[in-house]
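Topology and contacts: notes
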Amino acid sequence: RAGQWRCAGAAAHDPQPLIAEGVWEGRILDAPRGSGGFGYDPVFFDPVRGMGAAELEAALKNRISHRGRALAQLRESLLAAMRRR
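Residues numbered from 1 in each chain as written. Predicted model: local features only at pLDDT ≥ 70, side-chain atom pairs only at ≥ 80, totals over all residues. Heavy atoms only, no water.

Overview of the overall build of the protein
Within the protein, the secondary structure is distributed over 2 helices and 4 strands. N-terminal to C-terminal, the α/β element order of the protein is β-β-β-β-α-α. Scaling as 2.2 N^0.38, a compact globule of 85 residues should have a C-alpha radius of gyration of about 12 Å, whereas the protein reaches 15 Å, well beyond that. Taken along its principal axes, the extent of the C-alpha atoms in the protein is 50 × 25 × 20 Å. Every one of the 85 residues in the protein was classed for burial, and the buried ones make up 29%. In the protein, 40% of the contacts between residues at least 6 apart in sequence involve partners at least 24 apart. When the accessible surface of the protein is totalled, it reaches about 5800 Å², and 56% of it is carbon and sulfur. Positive and negative charge centroids in the protein, built from 13 and 9 side chains respectively, lie 4 Å apart. (Helix = DSSP H or I, 4+ residues; strand = E, 2+ residues; numbered from the N terminus. Rg over C-alpha atoms; globule rule 2.2 N^0.38 Å. Buried < 20%, exposed > 50% of the residue type's maximum accessible area, 1.4 Å probe, protein only. Contact = heavy atoms within 4.5 Å. Areas by Shrake-Rupley, 256 points an atom, 1.4 Å probe, with all protein chains shown as cover. Lys, Arg positive; Asp, Glu negative; His and termini not counted. Charge placed at Lys NZ, Arg CZ, Asp CG, Glu CD.)

Concerning the packing of aromatic side chains
Scanning the entire structure with this criterion turns up 3 aromatic pairs. Between Trp5 and Tyr40, the ring centres sit 6.1 Å apart and the planes meet at 40°, which makes this aromatic pair tilted. Placement of Trp5 in strand β1 (residues 2-11) and of Tyr40 in the loop between β2 (18-28) and β3 (44-46) is noted, with a sequence separation of 35 residues between them. Classification of Tyr40 as exposed rests on a relative accessible area of 59%. (Phe/Tyr/Trp six-rings, centres within 6.5 Å; stacked < 30°, edge-to-face > 60°.)

Quick look at the pattern of salt bridges
According to the stated counting rule, one finds 6 salt bridges in the structure shown. With its nearest N and O atoms 3.5 Å apart, the salt bridge here joins Asp30 to Arg1. Of this pair, Asp30 sits in the loop between β2 and β3 while Arg1 sits in the segment before β1, and the two are 29 residues apart along the sequence. Comparing Asp30 with Arg1, the two get one shared label, exposed. (Salt bridge = Lys/Arg side-chain N within 4 Å of Asp/Glu carboxyl O.)

And the structure:
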């Protein structure tokens, strides 16, 4: 019962767009856990932290989630592009 979340992001940049992807690997739980988050968070388990997504503190979840990883990667790509100019 493996599961994963994926998020892709892009920023218009000359001469090519910057594209980033974030992946959060986990497992699908048999029963919901936790009261935080939304959507499928109660049934998504993060094996690295040993907790369901709905059990994680919001700040941590936002940093390690597929969205957080994609945005961090996009931010680094934008900063690198700015340094090259």
